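# Per-entry structural report
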Amino acid sequence: MEKDKVEQEVNEEVEENQAQEQEETVEEPITEKSVEELQQEKIAELGEEVEKWKTDYYKVFADMENLKRRLQNEHANALKYMLQSFAEDLLPVVDNLERSQNVAEPSEELKNFLKGYEMITTQFIDALKKHGIEQIDVEGKEFDPNFHQAVMMVNDENYGHNMIVEELQKGYKLKDRVIRASLVKVNE
């Protein structure tokens with residue numbers, strides 16, 4: 001009897017162990033469907049992450065393109081206007097060369113000097129033109145505050161309203177930028 005009792009206890013233990021194993025497998029059953037769902041969720045997460053990285057990449061790429069374009073424009077403007085300060089320093093020299101030629105009644109000897117000054121002045125102005133520095137034209141023009149600075153107003157019937165009567169100091173521009181406005185008399 002005791003043998004039967006021992007066998008019965010062993011059988012009960014084996015059945016308990018089998019029951020526990022079945023319960024454990026029942027508590028955590030992994031089915032084909034749940035594996036597919038997990039894979040789909042993981043794929044969706046990775047897809048969202050890819051989209052986030054693509055969006056960030058496109059933003060950074062656009063920022064870099066804008067920076068590149070802006071730097072190219074700044075460089076082009078720097079090259080275009082790099083002579084401006086140099087030209088501003090040379091303009092008083094041109095003014096003085098032109099003033100030196102305004103002699104009321106020159107003698108014969110002085111006329112030869114004036115002819116030389118005129119040639120130097122012409123050569124100087126041609127060199128400035130070669131580099132994009134030009135005089136602002138005022139003859140027969142209407143006053144434009146973008147190019148002219150009115151220092152006097154006169155009332156002359158020979159000129160129309162707001163027309164330039166006389167240029168007191170020549171103005172110059174570098175390509176499309178005014179580096180010194182013309183000083184002018186304007187008719188009311």
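Refer to the structure presented above.
Here's a quick rundown of the structure. Keep in mind the model is a prediction, meaning the values are calculated, not measured. (Residues numbered from 1 in each chain as written. Predicted model: local features only at pLDDT ≥ 70, side-chain atom pairs only at ≥ 80, totals over all residues. Heavy atoms only, no water.)

Our next topic: the environment of D176. Tracing the sequence through the fold places D176 in the loop between β4 (172-174) and β5 (177-180). As for D176 and K80, which are separated by 96 residues in sequence, their C-alpha atoms are 9.8 Å apart. At 2.3 Å, the side chain of D176 and the side chain of Y81 are in polar contact. (Helix = DSSP H or I, 4+ residues; strand = E, 2+ residues; numbered from the N terminus. Polar contact = N/O pair within 3.5 Å; in protein donor to acceptor, adjacent residues only side chain to side chain.)

Looking now at the sheet that holds strand β1 (residues 133-135). What the 3 strands build is an open sheet, ordered β1-β4-β5; its pairing is antiparallel. With partners counted over all chains shown, the strands left at the sheet margins are β1 and β5, one partner each. The average angle at which neighbouring strand axes cross in this sheet is 35°, direction not considered. Contacts from helix α3 (residues 84-99) reach β1, β4 and β5, with the element oriented near 50° to β5. (Pairing = 2+ DSSP bridges. Axes fitted to C-alpha atoms, helices over the stretch in contact; angles between N-to-C directions. Contact = heavy atoms within 4.5 Å.)

Glancing now at helix α4 (residues 108-130). Here α4 contains 23 residues, and its C-alpha end-to-end distance of 33 Å stays within 8% of the 33 Å for a straight helix at 1.5 Å per residue. Taken as a whole, α4 has its buried residues at L114, T121, I125 and L128. Against the buried residues of α4 lie α3 and β1. (Expected span 1.5 Å × (residues − 1). Buried < 20%, exposed > 50% of the residue type's maximum accessible area, 1.4 Å probe, protein only.)

Think of it this way: side chains of opposite charge can pair up when their charged atoms draw near. If you walk through the whole model with that rule in mind, you get 6 salt bridges. In this structure, the salt-bridge partner of D95 is R180, at a minimum N-O distance of 2.8 Å. With D95 in helix α3 and R180 in strand β5, this residue pair connects regions lying 85 residues apart in the sequence. Here D95 matches R180 in class, with each residue buried. Ionic pairing is found between K185 and E166, a salt bridge with its closest N-O pair at 3.1 Å. Taken together, the residues K185 in strand β6 (residues 182-187) and E166 in strand β3 (residues 164-169) connect sequence positions 19 residues apart. Judged by its relative accessible area of 18%, K185 is buried. (Salt bridge = Lys/Arg side-chain N within 4 Å of Asp/Glu carboxyl O.)

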